[in-house]
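An overview of the molecular structure
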Amino acid sequence: MDDDSGPRRPSVFSSRLGFAFALVAAFTAILAGVITFLVWDYQFNDYVRSNLKSIADTTATSAGQAYELYKGWNISSFAVIPQVGARADIGVQILDIKGDIVYDEADLRQHEQSMFDQSIDTNLFDNELTVPRRPTGNVVTSQVIGYGREVGTVRVWAYGTGGLLSSHDVAMRTSSMVALGLSACLAILVATLAGIIYSRRLVRPINRITDAAAALRDGETSARTGLTGEDEISQLGETFDNMADSIEVDRKLERQLTSDVAHELKTPLMGILATVEAIEDGIFPADQAHLSTISHETQRLTRLTNAILELSRLEAGSLPFQMKRIPADQPARAALDVHGQLIESAGLKVLSEFATGYYIWGDPDRLQQAIGNLLSNAVRYTPEGGTIMLRGAYNKKTRRYQISVIDTGIGIKPDDLEKLFTRFWRADEARDRATGGIGIGLSITKEIVDRHKGVIEVTSEVDKGTSFSFILPTIK
């Protein structure tokens, strides 16, 4: 079936799947961005803290030397301490052993600026501190050692990171964040396109299945998906095609059944009608012979309609079965008792053997009917002087009981074996009509065996005989 034929439906599934891909990509990008940002933030904070620690240690070393050189904390010792915070937003303080602030680089810078401003007639007290006196953010400390003992503590903190990071570091961080954002946008775009493309490839075979189903619904029994492959959708398509094949076969059988039933009903009805009209026209006398002909055809018509009704009920599963635990050989023995006289009257020899002590779950009357059908067929197709054997055997390996009807009749051609259970089919139509067969017995037999969860088998050789067997599961 061409998947491009007919109007195209809006691809709702494709849009939804593409949107789902985009959402997954967006979520992944956001998650990756958050994780990356946290990692970068941690790494840069650690980097800043390392720089601050290095500054604190350097300042503490210089302060310790100045403390020893100028005999304590005084203006002279503070004057020689390098002003490392001048190049960045960094606060540097020195606390004495009591914890009091004795040096604040911000104050010193402000004092120097005030001295410069004073030289140009600026009020010394017009300027306020350029930075707060209390440290914030990452604060690191380092001990000041003078004369071999702790004489104070250097406290360093950062108000910003610009001075502690090189221009390359700042550019790298900025470009990394920009690249991450662009990558996220690109990932969302690619995922969306990939989702749309993939969903369309996924929807295409689904549309083929839908179109085939719609065509099959509208009566186009030849509609097929044509899908093959190992994936689940292809297997669904293959299963659908197999189902369509079965439906097509069933419809052909239904049409054939209608034709066959009409044909089968037509023959006895025409015989009855012709005889009645001949009697009415005075061509035939209304004697016992012609009335027997009418009666025979009527009985045949009754048997045919009853058999068709029974087969239909069996196939529909509406015919009740009285299932119970019974000896496996019981139905065969009962069928033999009923048909034994018929077999002997046809000039045939009867043999039987049964394995006893085994039980099955079944309807004895229905099983007897199935075996009776097989015996009737054997009588019908076995010439006078032949032999019919009815045998029941137990298979220890499979734990199943096999009932077989074996004759020495005319046999069945290999090409006809697969047609045996088709309704109204006859191996020898002329002879079967003469003996009253209607071609439904084997179909009924197969349905009965199927209802008992059994299997029916047949083997045959032309002019040597035929063996029908059905195998049933046993119970304790």
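Scope of this entry: the structure provided in the associated data block. (Residues numbered from 1 in each chain as written. Predicted model: local features only at pLDDT ≥ 70, side-chain atom pairs only at ≥ 80, totals over all residues. Heavy atoms only, no water.)

1. Describing the pattern of salt bridges
Pairs can form between side chains of opposite charge once their charged atoms are near each other. Here the structure, examined in full by the defined rule, presents 8 salt bridges. The closest approach of N and O atoms between Asp 57 and Lys 53, which form a salt bridge, is 3.6 Å. You can see Asp 57 and its partner Lys 53 sitting in helix α1 (residues 12–69), 4 residues apart, about one turn around the helix. Among the residues examined, Asp 57 registers a relative accessible area of 31% and is labelled partly exposed. Measuring nitrogen to oxygen at the nearest pair gives 3.6 Å for the salt bridge that ties Glu 461 to Lys 464. Sharing partners across several salt bridges, the network here consists of Arg 224, Asp 245 and Glu 248. (Salt bridge = Lys/Arg side-chain N within 4 Å of Asp/Glu carboxyl O. Helix = DSSP H or I, 4+ residues; strand = E, 2+ residues; numbered from the N terminus. Buried < 20%, exposed > 50% of the residue type's maximum accessible area, 1.4 Å probe, protein only.)

2. Details of the packing of helix α7 (residues 330–345) against helix α8 (residues 364–381)
Look at α7 against α8: their axes get within 8 Å of each other, and the N-to-C directions meet at 35°. Handedness of the α7/α8 crossing: right-handed. Mapping the contact onto sequence places Gln 330, Pro 331, Ala 332, Ala 334, Ala 335, Leu 336, Val 338, His 339 and Ile 343 in α7 and Pro 364, Leu 367, Gln 368, Ile 371, Gly 372, Leu 375, Ser 376 and Val 379 in α8. Class assignment of the residues belonging to the contact of α7 with α8 gives a composition of 12 nonpolar, 5 polar and no charged. (Axes fitted to C-alpha atoms, helices over the stretch in contact; angles between N-to-C directions. Left-handed = near helix turned anticlockwise from the far one by under 90°. Contact = heavy atoms within 4.5 Å. Nonpolar A, V, L, I, M, F, W, Y, C, P; charged D, E, K, R; others polar.)

3. A short note on the packing of helix α6 (residues 288–316) against helix α10 (residues 441–451)
Where α6 contacts α10, the two axes come as close as 10 Å, and the packing angle between them is 25°. Taken as axis vectors, α6 and α10 run roughly parallel relative to one another. Crossing hand, α6 versus α10: left-handed. Contact with α6, carried on its side by Ala 307, Glu 310, Leu 311, Leu 314 and Glu 315, involves Ser 443, Ile 444, Glu 447, Ile 448 and Arg 451 of α10 and no other residues of that element. In the contact of α6 with α10, the residues fall into 5 nonpolar, 1 polar and 4 charged. (Parallel < 35°, antiparallel > 145°, perpendicular 65-115°, else oblique.)

4. Points about α6
Over its 29 residues, α6 runs 41 Å from end to end, which matches the ideal 42 Å to within 8%, given 1.5 Å per residue. When we look at burial in α6, the residues that qualify are His 290, Ile 294, Glu 297, Arg 300, Leu 301, Leu 304, Ala 307, Ile 308, Glu 310, Leu 311 and Leu 314. Looking one or two residues beyond α6, the residue adopting positive phi is Gly 317, at roughly 75°. (Expected span 1.5 Å × (residues − 1).)

5. Describing α8
Given a rise of 1.5 Å per residue, 18 residues ought to cover 26 Å, and the 26 Å separating the end C-alpha atoms of α8 matches this to within 8%. Sitting at the amino-terminal end of α8 is Asp 363, which places a side-chain oxygen 3.0 Å from the backbone nitrogen of Asp 365. (Polar contact = N/O pair within 3.5 Å; in protein donor to acceptor, adjacent residues only side chain to side chain.)

All quantities given are derived from atomic positions and should not be read as evidence of function.
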